[in-house]
Amino acid sequence: MSDTEQFASDNYSGICPEAWAYMARANEQDASAYGEDAWTQQAADRLRETFESDCDVFFVFNGTAANSLSLAAMCQSFHSVICHELAHVETDECGGPEYASNGSKLLVGSGANGKLTPASIEQLVTRRSDIHYPKPRVITLTQATEVGTLYSIDELKAIRAVADRYKLHIHMDGARFANAVAAMGCTPADITWKAGVDVLCFSGTKNGLAVGEAILFFNRALAEDFEWRCKQAGQLASKMRFISAPWCGLLENDTWLANAAHANACAARLAAGIESLEGVSLSFPRQANAVFVDLSEALQKNLRARGWHFYTFIGGAARFVCSWSSTAAQVDALIAAIARAVAEP
Ligand SMILES: *Cc1c(COP(=O)(O)O)cnc(C)c1O
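Since this is a predicted model, take the numbers as computed values, not measurements.

Draft legend 1. Layout of the pairing of strand E6 (residues 199–203). Most of E6 sits out of view: five of its five residues are buried. Burial along E6 is two-sided: Val-199, Cys-201 and Ser-203 and Leu-200 and Phe-202, pointing in opposite directions, are all buried. In this sheet, E6 lies alongside strand E5 (residues 169–174) in parallel orientation, the contact comprising four bridges. Directly across from His-171, in E6, lies its bridge partner Val-199. Note on the crossover from E5 through helix H8 (residues 177–184) to E6: the handedness is right-handed. Judged from the five bridges that link them, E6 and strand E7 (residues 213–217) form a sheet pairing that is antiparallel. Bridging from a neighbouring strand, Val-199 pairs with Phe-217 of E7.

Rendered as structure tokens:
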């Protein structure tokens, strides 16, 4: 695949140099297995510093496992999890959360721009209180959302108020959490525990690692026995240091934030270029590292025929995602390709 032609996803990107360097360093000497090594200790400590929190930290292989296992940690099998209808846990995890929790049901809510609203959450919680309805226990929010938008601090706090009223925990799917922090110019703490988030799944993969997601329990009581849950689910890496050492590379000098800011800037450039074209519009506001564009099926086919890789998202929009490795030249080439496709009769 030519690297000038892909905007399919940030997980098409490679490993960023900083993570790669730490991978090499971790390979210089043998170290203890199963996370009992100095790299894992260091990565967890750096995450605690970054989040200004004495949280419990775990590393797993991928986002589906991070979401599924952390949600399962908050639920009995008869509980339910409230999510947006476009949430990855609902649409793209093959029932992983239900499987990991032995049946906790996802209750699907709604809201514009991929964001759950307090009213939608309240409606799901209050429509039933009888013994026959799975008892709501957790709200899961994706930050940045599946459509590249952001929950503001005020929106997060309004959802926390609903959560408090009904004694619900808040889980955050942070597959693109770094992009949210970079875009909002806030601290990681501001949009997690300070806004009432109990547990965060923080993706390293989409930010620049080969593999690896961190799960941060700000509410440490919820992490009880979590290491056994990870082990049983096949998510305890034997050579854990090759997940955790690259995390040290991301966290050192805030490389994670620079990677995300770069991806966001590329997306902003792309959005501006596309919006300047006659007759083409964005499907959602561009707030992080993804750009959704209303392009007809014929136009999408035309672009693909010219070698461009991108997803057609639920609902039909073309989704272009930028990463740490995107370049301005690639973005400009894509804008030019869309302009040409649109101008063709
Ligand atoms: C990519 C992604 C995940 C994680 O997916 P895996 O393929 O399991 O690593 C989770 N949530 C969202 C919103 C994502 O985009």
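Resuming the write-up.
Draft legend 2. Structural detail: the site of the ligand. Around the ligand, a shell composed of Asn-62, Gly-63, Thr-64, Asn-67, His-88, Glu-93, Thr-142, Glu-146, Asp-173, Ala-175, Arg-176 and Lys-206 is seen. Between Gly-63 and the ligand, the recorded distance is 2.9 Å, taken from a backbone N or O atom to an oxygen atom. Between the ligand and Thr-64 there is a distance of 2.6 Å, counted from an oxygen atom to a side-chain nitrogen or oxygen. Here the ligand has 390 Å² of accessible area as a free molecule, and 80% of this is covered by the chains. A majority-of-atoms criterion places the ligand in the largest pocket.

Draft legend 3. Structural detail: the domain arrangement of the protein chain. The assigned domain composition of the protein chain is domain 1 (3–12 + 256–343) and domain 2 (17–254). Distance between the C-alpha centres of domain 1 and domain 2: 27 Å. Each partner contributes to the interface: domain 1 provides 23 residues, whereas domain 2 provides 25 residues. Summing both partners gives a buried area of about 2,100 Å² for domain 1 against domain 2, and 60% of it is carried by carbon and sulfur. When the buried area of domain 1 at its contact with domain 2 is split by residue, Asp-10, Trp-256 and Gln-287 rank highest and sum to 36% of it. Linking domain 1 to domain 2 there are one salt bridge. Residues Arg-176 and Asp-10 are paired through a salt bridge, measuring 2.8 Å at the closest nitrogen-oxygen approach. Put simply, domain 1 and domain 2 have eleven residue pairs in polar contact (both at pLDDT 80 or more) between them. Those elements that place two or more of their residues in the side of domain 1 that touches domain 2 are helix H11 (255–275), strand E9 (290–294) and strand E11 (318–321). Tallied by class, the residues present in the side of domain 1 that touches domain 2 amount to 15 nonpolar, six polar and two charged.

Conventions and cut-offs
- Residues numbered from 1 in each chain as written.
- Predicted model: local features only at pLDDT ≥ 70, side-chain atom pairs only at ≥ 80, totals over all residues.
- Heavy atoms only, no water.
- Buried < 20%, exposed > 50% of the residue type's maximum accessible area, 1.4 Å probe, protein only.
- Helix = DSSP H or I, 4+ residues; strand = E, 2+ residues; numbered from the N terminus.
- Pairing = 2+ DSSP bridges.
- Right-handed = clockwise from strand over helix to strand, strands pointing away.
- Near = heavy atom within 4 Å.
- Polar contact = N/O pair within 3.5 Å; in protein donor to acceptor, adjacent residues only side chain to side chain.
- Areas by Shrake-Rupley, 256 points an atom, 1.4 Å probe, with all protein chains shown as cover.
- 1 Å grid on protein atoms, 1.4 Å probe; cavity = no way out; pocket = protein on both sides within 12 Å on 5 of 7 lines; lining within 4 Å.
- Sits in = over half its atoms within 2 Å of the grid points.
- Domains from an automatic or database assignment.
- Contact = heavy atoms within 4.5 Å.
- Buried area = accessible area lost by both parts, 1.4 Å probe.
- Salt bridge = Lys/Arg side-chain N within 4 Å of Asp/Glu carboxyl O.
- Nonpolar A, V, L, I, M, F, W, Y, C, P; charged D, E, K, R; others polar.

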